[in-house]
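Below are the chains, spelled out letter by letter.
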Protein chains: 2
Amino acid sequence: MNNPPDAQFMYEAIRLSEENVASGQGGPFGAVVVKEGKIIARGVNSVTRLQDPTAHAEVMAIREACSVLQTFQLTGCDVYSSCEPCPMCLGAIYWARPDALYFANSKEDAAAIQFDDQFIYEELARPLNERKLFTRQMLREEALEAFQKWSVSTAKIEY
Amino acid sequence: MNNPPDAQFMYEAIRLSEENVASGQGGPFGAVVVKEGKIIARGVNSVTRLQDPTAHAEVMAIREACSVLQTFQLTGCDVYSSCEPCPMCLGAIYWARPDALYFANSKEDAAAIQFDDQFIYEELARPLNERKLFTRQMLREEALEAFQKWSVSTAKIEY
């Protein structure tokens, strides 16, 4: 059973997104992670400030939440983002495994202000050889060995 | 015009993936970023070691490469990954905008050793209300304001 969405948390994500524009720190995106009715982490888009293309609001908030909780899983947490996550952030959210995701602006809204979310969604849906990013598979046989070693390893921490 | 793939770089990505299993540091994944015929950054899966669900090999390598080059764009670079990137990493690669992506193991190979890549690809392709992750939009009108402020901001750094 999920918690019902709580508007106060989305208002905070939106406030962060506006603050980030006003301060000139980065793109118009904010996110918070909520656990047991409290915000445990906040993130804002920090791509240009940190020179890090992965520093989207959701990734920043997830990394902070995991640091706070000392875990790599956000079970029992909800993510509130001021915008529908791009594929990178949505992937990060799936790996973190929160209970729910709430967002405000849509990916079409992001595309309308020249963010590439929609383009990346379309690229992921294309076969590899039809993508704009030149993509090729090579040396699969050689790489499989690490996977086989992982399969039989007794020291691994699964996730 | 892309550089032709160079096996030595993929062998290094594969070596990193095997080393990561052998050392018990994380999952069987390695990646390198190459610029002008040289490896400028390396990454290995560090999710459990760093308690960070975003610390996949490609994300680690991209962040390191951007740090080395002091930029948030990997123009002129190639990414070599020991496995086909998951949606999070593929998104990160698109945002970093390298010239080419090479990979060895496929996402089906990853699924065969219980990594969720394939599941996340399937989820992204589903409508929001059919996803296993509970996902809802809310407060769009309120969030649009930050996008409008971004559109007219003269202080922004576009990316």
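Please refer to the structure higher up on the page.
Reading the values: rules and limits
Residues numbered from 1 in each chain as written. Chains lettered and ligands numbered in written order. Predicted model: local features only at pLDDT ≥ 70, side-chain atom pairs only at ≥ 80, totals over all residues. Heavy atoms only, no water. Least-squares fit on C-alpha atoms with pLDDT ≥ 70 in both. Contact = heavy atoms within 4.5 Å. Buried area = accessible area lost by both parts, 1.4 Å probe. Salt bridge = Lys/Arg side-chain N within 4 Å of Asp/Glu carboxyl O. Polar contact = N/O pair within 3.5 Å; in protein donor to acceptor, adjacent residues only side chain to side chain. Helix = DSSP H or I, 4+ residues; strand = E, 2+ residues; numbered from the N terminus. Nonpolar A, V, L, I, M, F, W, Y, C, P; charged D, E, K, R; others polar. Pairing = 2+ DSSP bridges. Buried < 20%, exposed > 50% of the residue type's maximum accessible area, 1.4 Å probe, protein only. Axes fitted to C-alpha atoms, helices over the stretch in contact; angles between N-to-C directions. Parallel < 35°, antiparallel > 145°, perpendicular 65-115°, else oblique. Left-handed = near helix turned anticlockwise from the far one by under 90°. Right-handed = clockwise from strand over helix to strand, strands pointing away. Disulfide = S-S within 2.5 Å.

Further remarks concern the relation of the copies chain A and chain B. With an RMSD of 0.0 Å, the operation that places chain A on chain B is a rotation of 180° combined with a shift of 0.0 Å along the axis. The superposition of one copy onto the other is thereby described by a two-fold rotation axis. Within chain A, the C-alpha atom positioned nearest to the axis of rotation is that of Met88(A), 1.9 Å from it.

For the rest of this paragraph, the subject is the interface of chain A and chain B. In this assembly, 86 residues from chain A lie in contact with 86 residues from chain B. Surface buried jointly by chain A and chain B totals about 7,900 Å² across both partners, of which 68% is contributed by carbon and sulfur atoms. Together, Tyr94(A), Trp95(A) and Phe147(A) form the three largest contributors to the area buried by chain A at its contact with chain B, with a combined 11%. The interface formed by chain A and chain B holds 8 salt bridges in total. Counting across the chain A and chain B interface gives 24 residue pairs in polar contact (both at pLDDT 80 or more). The element best represented in the side of chain A that touches chain B is helix H7 (residues 140-152) of chain A, accounting for 10 residues. Residues of the side of chain A that touches chain B, tallied by class, amount to 50 nonpolar, 19 polar and 17 charged. Across 4 bridges, strand E5 (residues 134-137) of chain A lies against strand E4 (residues 100-105) of chain B in parallel orientation. Among the inter-strand pairings, Phe134(A) is bridged to a residue of E4(B), identified as Ala100(B).

Moving on: the pattern of salt bridges. Per the counting criterion, the structure on display carries 24 salt bridges over all chains. Salt bridges here are not isolated pairs; linked through shared partners, they connect Glu12(A), Arg15(A), Glu19(A) and Arg42(A).

The next point concerns unusual backbone geometry. A positive phi is found at Gln51(A), a non-glycine position, where the angle reads about 50°. Position of Gln51(A) relative to the elements: it lies in the loop between helix H2 (47-50) and helix H3 (57-69). Relative accessible area serves as the criterion here: at 22%, Gln51(A) is assigned to the partly exposed category. Here Gln114(B), not a glycine, exhibits a phi torsion of approximately 75°, which is positive. Note that Gln114(B) resides in the loop between helix H5 (107-112) and helix H6 (117-125). We classify Gln114(B) as exposed; its relative accessible area is 56%.

In the contact formed by helix H4 (residues 87-96) of chain A and H6(B), the axes pass within 10 Å of each other and the chain directions differ by 125°. Considering the angle they form, H4(A) stands oblique to H6(B). Note that H4(A) runs across H6(B); the crossing there is right-handed. Across from Pro87(A), Leu90(A), Gly91(A), Tyr94(A) and Trp95(A) in H4(A), the residues of H6(B) making contact are Asp117(B), Phe119(B), Ile120(B), Glu123(B) and Leu124(B).

Here we have 5 strands laid out as an open sheet, ordered E2(A)-E1(A)-E3(A)-E4(A)-E5(B), and mixed in their pairing. Each edge of the sheet is formed by a strand with only one pairing partner; in this case those strands are strand E2 (38-44) of chain A together with strand E5 (134-137) of chain B. Sheet twist, expressed as the average angle between the axes of neighbouring strands with direction ignored, equals 15°. Contacting strand E1 (30-35), E2, strand E3 (77-83) and strand E4 (100-105) of chain A, helix H1 (residues 7-22) of chain A runs over the sheet at an angle of about 150° to E1(A). Contacts from H3(A) reach E1, E2 and E3 of chain A within the one sheet, and its direction differs from that of E2(A) by about 140°.

The subject of this paragraph is the pairing of E4(A). Residues and elements named next belong to chain A. Summarising burial for E4: 6 of the 6 residues are buried, a large majority. Examined bridge by bridge, E3 and E4 share 5 bridges and lie parallel to one another. Each bridged residue has a counterpart across the sheet, and for Cys83 the counterpart in E4 is Asn105. As a crossover connection, the stretch from E3 through H4 into E4 is right-handed.

Right, let's talk about the state of the cysteines for a bit. In a disulfide, the sulfur atoms of two cysteines are held together by a covalent bond. All names here are of chain B. Following the criterion strictly, the structure yields 0 disulfides over all chains and no others. Free cysteine Cys77: the closest other cysteine sulfur is in Cys66, separated by 8.1 Å. Here Cys89 stays unpaired: no disulfide links it, and the sulfur of Cys86, its closest cysteine neighbor, is 3.9 Å away.

Sheet strands associate in pairs through backbone hydrogen bonding, adopting either a parallel or an antiparallel arrangement. What the 5 strands build is an open sheet, ordered E5(A)-E4(B)-E3(B)-E1(B)-E2(B); its pairing is mixed. Pairing within the sheet leaves two strands with one partner each, and these edge strands are E5 of chain A together with strand E2 (38-44) of chain B. Each adjacent strand pair in this sheet contributes to an overall mean axis angle of 15°, direction not counted. Packed onto the sheet, helix H3 (residues 57-69) of chain B meets strand E1 (30-35), E2 and strand E3 (77-83) of chain B and runs at close to 140° relative to E2(B).

Purely geometric stuff here, so don't read any function into it on its own.
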